[in-house]
Amino acid sequence: MRSSIHITQAVEIEADATAVWEAFQSTPHDWWGHPYSLLDGEGTIEFPAEAGAAVIERLGEATALWGVVSQCTPGSVYGWIGQMGMGAASHGEVVYSFEASGTGTLVTVQHDFALAWGDADAMRESYDFGWADLSERLKRYVESGERYGFAGRNETPSFKFTPSAAG
């Protein structure tokens, strides 16, 4: 049975879009990390700013492919397509958008994917929480310099999780 799943998570970050984009695209290893890694250890993840380029996690000489950049408008939109660590049973697209708001920047992440087999509800819940967690890590990194990624604590910060609407 094939399932289509849509997740949307958003976070308000008290900084201008340029600063948020820079933290997102140039230093993701400062906020992205375990358990959202494909390689076992403290490596890096790269978000190249060119459509068609690979979103890659690195650990020493080892590499793992997260997907391929599908769109990039610096300071505004970043998306990639691929398996997102879900294995052969899934394929989808993640799109981050950065929009100026009253107190800074609204960062929205949307993840649409098709799951060929497996427990769609469990997968949706897991990824929904994961995108919220990563968004909170980015927020804390930008606002206060807290590093929750490969280069920092590499743990989930305490935050109030609000599930996205089922879809």
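Anything mentioned here points back to the structure above.
Residues numbered from 1 in each chain as written. Predicted model: local features only at pLDDT ≥ 70, side-chain atom pairs only at ≥ 80, totals over all residues. Heavy atoms only, no water.

Colleague: Break down helix 2 (residues 120–144) for me, citing the residues and quoting the values.
Modeller: Every α-helix winds through 3.6 residues per turn, so residues three or four apart in the chain are directed the same way. When the terminal C-alpha atoms of helix 2 are compared, their 36 Å separation across 25 residues agrees well with the 36 Å that a helix rising 1.5 Å per residue should span. You can read the cap of helix 2 off the contacts: a side-chain oxygen lies 3.2 Å from the backbone nitrogen of D121, and it is on D119. Within two residues after helix 2, G145 carries a phi angle of roughly 80 degrees, on the positive side. (Helix = DSSP H or I, 4+ residues; strand = E, 2+ residues; numbered from the N terminus. Expected span 1.5 Å × (residues − 1). Polar contact = N/O pair within 3.5 Å; in protein donor to acceptor, adjacent residues only side chain to side chain.)

Colleague: Break down the side chain of K139 for me, with residues and values.
Modeller: Structurally, K139 can be placed in helix 2. Assessed through its relative accessible area of 18%, K139 is described here as buried. (Buried < 20%, exposed > 50% of the residue type's maximum accessible area, 1.4 Å probe, protein only.)

Colleague: Describe the nonpolar core, naming the residues involved and giving the relevant values.
Modeller: Core analysis: the largest hydrophobic core is formed by 37 residues, its most contacted members being W32, W80, Y96 and W131. Those elements that place two or more of their residues in this core are strand 1 (3–13), helix 1 (17–26), strand 4 (62–73), strand 5 (77–82), strand 6 (90–101), strand 7 (104–115) and helix 2. The leading source of residues in this core is helix 2, at 7 residues. If near-sequence neighbours (up to four positions away) are discounted, W32 is found in contact with I45, F47, W66, W80, Y96, W131, L134, R137, G149 and F150. (Core = buried A, V, L, I, M, F, W, Y, C linked by side-chain atoms within 4.5 Å. Contact = heavy atoms within 4.5 Å.)

Colleague: Requested: an account of a nonpolar patch on the surface, with residues and values cited.
Modeller: The grouping of L65, V68 and I81 at the surface amounts to a nonpolar patch, some 230 Å² of accessible area in total. Relative to the elements of secondary structure, V68 occurs in strand 4. For V68, a relative accessible area of 33% translates into the label partly exposed. (Patch = residues over 30% accessible without salt bridge, like charges linked within 9 Å, V, L, I, M, F, W, Y side chains within 5 Å. Areas by Shrake-Rupley, 256 points an atom, 1.4 Å probe, with all protein chains shown as cover. Salt bridge = Lys/Arg side-chain N within 4 Å of Asp/Glu carboxyl O.)

Colleague: Now, about the pairing of strand 4: what can you tell me, with residues and values included?
Modeller: Judged from the 6 bridges that link them, strand 3 (residues 54–59) and strand 4 form a sheet pairing that is antiparallel. Bridge assignment links I56 to a residue of strand 4, and that residue is L65. As paired strands, strand 4 and strand 5 are joined by 5 bridges and run antiparallel to one another. Counterpart to V68 in the pairing with strand 5 is I81. (Pairing = 2+ DSSP bridges.)

Colleague: I'd love a proper account of the packing of aromatic side chains, names of residues and values included.
Modeller: Tallied over the full model, the rule gives 24 aromatic pairs. Judged by centre distance (6.3 Å) and plane angle (45 degrees), the rings of W31 and F47 are tilted. Of this pair, W31 sits in the loop between helix 1 and strand 2 (44–46) while F47 sits in the loop between strand 2 and strand 3, and the two are 16 residues apart along the sequence. Here F47 falls in the buried class, since its relative accessible area comes to 2%. Linked through ring pairs, W21, F24, W31, W32, F47, W66, Y78, W80, Y96, F98 and W131 together constitute an aromatic cluster. (Phe/Tyr/Trp six-rings, centres within 6.5 Å; stacked < 30°, edge-to-face > 60°.)

Colleague: Explain the environment of V55 to me, and be specific about the residues and the numbers.
Modeller: By the secondary structure assignment, V55 is in strand 3. You can call V55 buried: its relative accessible area is 0%. Taking the C-alpha atoms as reference, V55 lies 20 Å from Y148; in sequence the two are 93 residues apart. Among all residues touching V55, those that are not within four sequence positions of it are I45, E46, F47, P48, A64, L65, W66, G67, V69, Y78 and W80.

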